[in-house]
Amino acid sequence: METNGSISNSPESQPSDASDSTNKTEKVVFINHAEIAWQARRREWVGDQSQKSQRAPRELIMSWTTTYEDLLLTTEPFQEPIPLVEMVDFLVDIWLEEGLYD
């Protein structure tokens, strides 16, 4: 196949109009509004971590001698809310002792 001349797709060979030249100088900045809203909602949920002071770990609310039956037999509320991490550790220990969690 033979060509009779060269055809170039370079920008220099293309005729340009005024609208093309203005578009090339403007930079389009993408703003992710969904991410901004998500970050704001997350800050409401977890709080601003930079404002929180670093504190020493708390004392455990449940005693090391607390048994599963102690938790089930009482109808009294706990003196303080038990953190989820502490409750999960407690339950995993009990389940390991009873062979329910491998």
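Residues numbered from 1 in each chain as written. Predicted model: local features only at pLDDT ≥ 70, side-chain atom pairs only at ≥ 80, totals over all residues. Heavy atoms only, no water.

### Some details on helix 4 (residues 84–98)
Okay, step 1: For helix 4, spanning 15 residues, the distance from its first C-alpha to its last is 21 Å, which sits close to the expected 21 Å at 1.5 Å a residue.
Okay, step 2: Those residues of helix 4 that sit buried are Glu86, Phe90, Leu91 and Ile94. Along the axis of helix 4, the buried positions cluster into a sector of 125°, meaning they face one direction only. Set apart from the buried face of helix 4 by more than 90 degrees, the exposed residues are Leu84 and Val85. (Helix = DSSP H or I, 4+ residues; strand = E, 2+ residues; numbered from the N terminus. Expected span 1.5 Å × (residues − 1). Buried < 20%, exposed > 50% of the residue type's maximum accessible area, 1.4 Å probe, protein only. Arc of directions from axis to C-beta.)

### Focus on the nonpolar core
Across soluble globular proteins, you tend to see nonpolar side chains buried next to one another.
Okay, step 1: Met62, Leu71, Ile82, Phe90, Leu91 and Ile94 together form the largest nonpolar core, which totals 6 residues.
Okay, step 2: Element by element, the count of residues in this core is highest for helix 4, at 3 residues. (Core = buried A, V, L, I, M, F, W, Y, C linked by side-chain atoms within 4.5 Å.)

### Thoughts on the layout of surface pockets
Okay, step 1: By volume, the largest pocket amounts to about 360 Å³.
Okay, step 2: For the largest pocket, the lining is made up of 16 residues, of which Leu60, Trp64, Glu86, Asp89 and Phe90 are closest to its centre.
Okay, step 3: In terms of residue class, the lining of the largest pocket is made up of 7 nonpolar, 3 polar and 6 charged.
Okay, step 4: If you add up the space inside the second largest pocket, you get close to 250 Å³.
Okay, step 5: Surrounding the second largest pocket, 13 residues form its lining, Ile61, Met62, Pro77, Phe78 and Gln79 being those nearest its centre. (1 Å grid on protein atoms, 1.4 Å probe; cavity = no way out; pocket = protein on both sides within 12 Å on 5 of 7 lines; lining within 4 Å. Points joined across faces, edges and corners; volume = space filled by probe spheres on them. Nonpolar A, V, L, I, M, F, W, Y, C, P; charged D, E, K, R; others polar.)

### What about a negative patch on the surface?
Okay, step 1: The grouping of Glu69, Asp70, Asp89, Asp93, Glu97 and Glu98 at the surface amounts to a negative patch.
Okay, step 2: For the negative patch, the secondary structure elements donating two or more residues are helix 3 (68–73) and helix 4.
Okay, step 3: Considering each element in turn, the negative patch owes the most residues, 4 residues, to helix 4.
Okay, step 4: One can find Glu97 in helix 4. (Patch = residues over 30% accessible without salt bridge, like charges linked within 9 Å, V, L, I, M, F, W, Y side chains within 5 Å. Areas by Shrake-Rupley, 256 points an atom, 1.4 Å probe, with all protein chains shown as cover. Salt bridge = Lys/Arg side-chain N within 4 Å of Asp/Glu carboxyl O. Lys, Arg positive; Asp, Glu negative; His and termini not counted. Charge placed at Lys NZ, Arg CZ, Asp CG, Glu CD.)

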